[in-house]
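So the chains spell out like this:
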Amino acid sequence: MSGAFAGSLLLLISSMAFSWPVGAGGGLSAEEERARAFDSPAGSCLNWTPPDPTDMRRVDCAQPHLFEVTSNVDISADYPASAPPPDLDHWQDIAQAKCTPSATSYLGGKLDPYGKFRVNALKPVDSQWQNGDRKLRCGLQRIAPSGGLLPSTGSAATQDQSDVHDPGTCLELNGQKIGDPISCDKAHAYEIVGSVDLSQAFTGDFPADDAQREKAIELCAAVTKEYTGGADLTAKHLTPYSDTLKQESWAAGSRKVDCKVGAKLPDGSGLAPITNSVRAIGSTATASASATPTPTPSG
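Since we're looking at a predicted model, the values are computed, not measured. (Residues numbered from 1 in each chain as written. Predicted model: local features only at pLDDT ≥ 70, side-chain atom pairs only at ≥ 80, totals over all residues. Heavy atoms only, no water.)

With respect to the layout of surface pockets
Then step 1. Volume-wise, the largest pocket comes out at about 800 Å³.
Then step 2. Lining the largest pocket are 29 residues, and of these Tyr114, Arg118, Pro145, Asp163 and His165 lie nearest its centre.
Then step 3. Sort the elements by how many residues they give to the lining of the largest pocket and strand β12 (residues 256-262) lands first, with four residues.
Then step 4. Taken together, the residues of the lining of the largest pocket sort by class into 13 nonpolar, six polar and 10 charged. (1 Å grid on protein atoms, 1.4 Å probe; cavity = no way out; pocket = protein on both sides within 12 Å on 5 of 7 lines; lining within 4 Å. Points joined across faces, edges and corners; volume = space filled by probe spheres on them. Helix = DSSP H or I, 4+ residues; strand = E, 2+ residues; numbered from the N terminus. Nonpolar A, V, L, I, M, F, W, Y, C, P; charged D, E, K, R; others polar.)

See the structure below:
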């Protein structure tokens, strides 16, 4: 049973369509809980232990969770009883087409395409499809660069969609690409020291990247000083960085960006790996002065 559940979980970086076997009733309480979670109404939050979803369950949205239900969409008009189930690529397209409108409405009418949340869906497995289930369980999730799932706390419906991280989050360095959150005692690209709200400086139309970057660096200085205890980053070969927002994000209402600390390679060609936290307590961060670019994994 466990293998069947694990094998039915399909992970995609840009969109995830899940297949979830559902208990038919009269089974174990865990099966009943999975069945209840699979058919949850909008506003429900679901959690499980990746990568095996056998413990999928409803949780209070104030608790960490991996999926927030935004709607249940019937696609039987497009896929009658005689229609075979779509393949994975088509499921991805269906989820985006059918779930995006309801997810946008759920978020108050605006969805940041580069923001914190991605539109995804739970889909019926083949046996359910054959029994006539044509319901798509639409929802929102946080997705890591690798395509894995990140927990979210609090309802997406009441959150700022800005794609910011909690202070103390360190992001992996894969070659010169920024990867998933990773323990700060391992080599990483950046440590998030906080975030700032650009609406403090820009109240009108979308500001140019250079203007955003200049203001973000200015605002991040105080955040970085507080987080690091006033550490001399230059002496540690570390550099403060900040993000900027895309126009689509600005239009959706996102205004916050991360304040980060990283390190440059000696020749300035990219990022050098950092080990340990930049905080001025305990083990302090170190950047390799002789670091060379890490080869980007092939494939």
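Considerations on the sheet that holds strand β10 (residues 190-197)
Then step 1. One open sheet holds the five strands; their spatial order is β9-β8-β10-β12-β11, and the pairing between them is antiparallel. The open sheet has two edge strands with one neighbour each: β9 (177-182) and β11 (239-242). In this sheet, adjacent strand axes meet at a mean angle of 35° when their direction is disregarded.
Then step 2. In this structure, strand β8 (residues 170-174) lies alongside β10, joined through two bridges in antiparallel fashion. Within β10, the position partnered with Leu171 by the bridge is Tyr190.
Then step 3. Helix α5 (residues 209-228) rests against β10, β11 and β12 of the sheet, and its axis sits at about 115° to β10. (Pairing = 2+ DSSP bridges. Axes fitted to C-alpha atoms, helices over the stretch in contact; angles between N-to-C directions. Contact = heavy atoms within 4.5 Å.)

Brief notes about the state of the cysteines
Then step 1. Counting across every chain of the model gives four disulfides.
Then step 2. Covalently, Cys45 is tied to Cys61 through a disulfide, its sulfur atoms 2.0 Å apart. Given an S-S torsion of about 100°, the disulfide between Cys45 and Cys61 has right-handed geometry. Note that Cys45 is positioned in strand β2 (residues 45-47) and Cys61 in the loop between β3 (57-59) and β4 (67-74), a separation of 16 residues in sequence. Like Cys61, Cys45 is buried.
Then step 3. What pairs with Cys220 in a disulfide is Cys259, and their sulfur atoms sit 1.9 Å apart. Classification of the bridge connecting Cys220 and Cys259 rests on its S-S torsion, roughly -80°, and on that basis the disulfide is left-handed. Residue Cys220 is located in helix α5, and its partner Cys259 is located in strand β12; the two are separated by 39 residues in the primary sequence.
Then step 4. For Cys259, a relative accessible area of 0% corresponds to the buried category.
Then step 5. Of note for the chain: the bonded cysteines, numbered N- to C-terminal, pair according to 1-2, 3-4, 5-6, 7-8. (Disulfide = S-S within 2.5 Å. Buried < 20%, exposed > 50% of the residue type's maximum accessible area, 1.4 Å probe, protein only.)

Re the pattern of salt bridges
Then step 1. For the structure on display, the rule yields 10 salt bridges.
Then step 2. In this structure, Glu33 and Arg36 form a salt bridge, with 3.5 Å as the shortest nitrogen-oxygen distance. In this pair, Glu33 and Arg36 are both assigned in helix α2 (residues 29-38), three residues apart and thus about one turn of the helix distant.
Then step 3. With a relative accessible area of 24%, Glu33 lands in the partly exposed category.
Then step 4. Its salt-bridge partner being Lys135, residue Asp39 comes within 3.5 Å of it at the nearest N-O pair. Of the two residues, Asp39 is situated in the loop between α2 and β2 and Lys135 in strand β6 (residues 135-143); the sequence distance between them amounts to 96 residues.
Then step 5. Since its relative accessible area comes to 37%, Asp39 is described here as partly exposed. (Salt bridge = Lys/Arg side-chain N within 4 Å of Asp/Glu carboxyl O.)

Brief notes about the environment of Val164
Then step 1. With respect to the secondary-structure elements, Val164 resides in the loop between β7 (149-150) and β8.
Then step 2. Accessibility expressed as a relative area gives 14% for Val164, which makes it buried.
Then step 3. Not counting chain neighbours up to four residues away, the residues in contact with Val164 comprise Lys116, Arg142, Ser195, Lys256, Val257 and Asp258.

Observations regarding the nonpolar core
Then step 1. Of all hydrophobic cores here, the largest spans 19 residues; its most connected members are Val193, Leu198, Leu238, Val257, Val261 and Val278.
Then step 2. Elements supplying a minimum of two residues to this core: β10, α5 and β12.
Then step 3. Not counting chain neighbours up to four residues away, the residues in contact with Val257 comprise Val164, Gly194, Ser195, Val196, Leu198, Ala216, Asp243, Thr244 and Leu245.
Then step 4. By size, the runner-up hydrophobic cluster in this structure holds 17 residues, among which are Val73, Ile75, Leu136 and Ala156. (Core = buried A, V, L, I, M, F, W, Y, C linked by side-chain atoms within 4.5 Å.)

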